[in-house]
Amino acid sequence: PEVTRLRHVVVRGGGGAGDVRFSRCGYAAAEGCAAASFRRCGAVRADGARGVAVRRCRSADVERAGAARVRGAGELRVGRCREADLAGCADAAVARCRAARADWCGALALGRCGSADVTRCGAVRVDRCRDASVSGCGAVAVRRGKVSVVEALKPVSPPPVDQQA
C-alpha cells in the first residue's frame, strides 16, 4: 500500500505483498514489512523489513533490516542491518551492521560493523569495526579495529600548453 500525507501512521505486516510506501507523512513507521520506502517524511522508523529506502526525511531509525539505503536524512540511526548504504546525512550512527557504506555525511559514528567504506564525510568515529576504509574525511577517531585512512588527493592539473612537449 501507499500512504501519503498522514500526520501519524504505523503499518504492521505491509498488506498482501508486504511492501509499503510512505510519502510526506509526519511520523511513519513500518514493522515487519518485506520492503518499506519513505520519501520526504518527518520522522520515520522501520523495524524488521528486508529492504528499507529513506529519501529526504528529517530523522530516521532503521532496525533489523536486510538492506537499508538512506539518501538525505537529517538524523539517522541504523542498527543490526546486513547492509547499510548512506549518503548526504547530517548526523548518522551505524551499529552492528555486516557492511556499511557512507558518502557525504556530516558526523558519522560506526560501531561494531564488519566492513565499512566511508568517503567525504566530516567527523568520523570508528569503534570496534573489523575492516574500515576512510578516505577524504575531516576528523577521524578510531577506538578499536582495523582502519585504513586515505587523504583526499587534489586533482592534478595538466602543465601549461607552452610547456608541453
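Look up: the structure comes first, before these words.
Residues numbered from 1 in each chain as written. Predicted model: local features only at pLDDT ≥ 70, side-chain atom pairs only at ≥ 80, totals over all residues. Heavy atoms only, no water.

(A) A look at the side chain of D47. Assignment of secondary structure puts D47 in strand 6 (residues 43-47). A distance of 2.8 Å separates a polar atom in the side chain of D47 from a polar atom in the side chain of R64. (Helix = DSSP H or I, 4+ residues; strand = E, 2+ residues; numbered from the N terminus. Polar contact = N/O pair within 3.5 Å; in protein donor to acceptor, adjacent residues only side chain to side chain.)

(B) Summary view of the sheet that holds strand 15 (residues 115-119). Here ten strands make up an open sheet; going across it, the order is 1-3-5-7-9-11-13-15-17-19 and the pairing parallel. Across the chains shown, the open sheet's two edge strands, defined by having one partner strand only, are strand 1 (2-4) and strand 19 (145-150). The mean angle between the axes of side-by-side strands here comes to 5 degrees, regardless of whether they run parallel or antiparallel. In terms of strand pairing, strand 1 meets strand 3 (residues 19-23) through three bridges, oriented parallel. Residue pairing for strand 3: E2 is matched across the bridge by R21. (Pairing = 2+ DSSP bridges. Axes fitted to C-alpha atoms, helices over the stretch in contact; angles between N-to-C directions.)

(C) Region of the structure containing the side chain of R71. Within the secondary structure, R71 sits in strand 9 (residues 67-71). Residue classification places R71 among the buried positions, given a relative accessible area of 18%. In this structure, R71 is in contact with V54, R55, R56, D85, L86 and A87, ignoring residues within four places of it in sequence. (Buried < 20%, exposed > 50% of the residue type's maximum accessible area, 1.4 Å probe, protein only. Contact = heavy atoms within 4.5 Å.)

(D) Seen up close, the pairing of strand 3. The pairing of strand 3 with strand 5 (residues 35-39) spans five bridges and is classified as parallel. Each bridged residue has a counterpart across the sheet, and for D19 the counterpart in strand 5 is A35.

(E) Region of interest: the sheet that holds strand 16 (residues 123-127). Taken together, nine strands build an open sheet; the order of strands is 2-4-6-8-10-12-14-16-18 and the sheet is parallel. Only two strands of the sheet have a single neighbouring strand rather than two, namely strand 2 (8-12) and strand 18 (140-142). Between one strand and the next, the sheet's axes are offset by a mean angle of 5 degrees, whatever the strand orientation. Relative to strand 10 (residues 75-79), strand 8 (residues 59-63) runs parallel, the two being bridged by five bridges. Its bridge partner being in strand 10, S59 is matched across the sheet by E75.

(F) Structural context of unusual backbone geometry. For R5, which is not glycine, the phi dihedral falls at a positive 55 degrees. Tracing the sequence through the fold places R5 in the loop between strand 1 and strand 2. Located in the positive-phi region is R40, a residue other than glycine, with phi close to 55 degrees.

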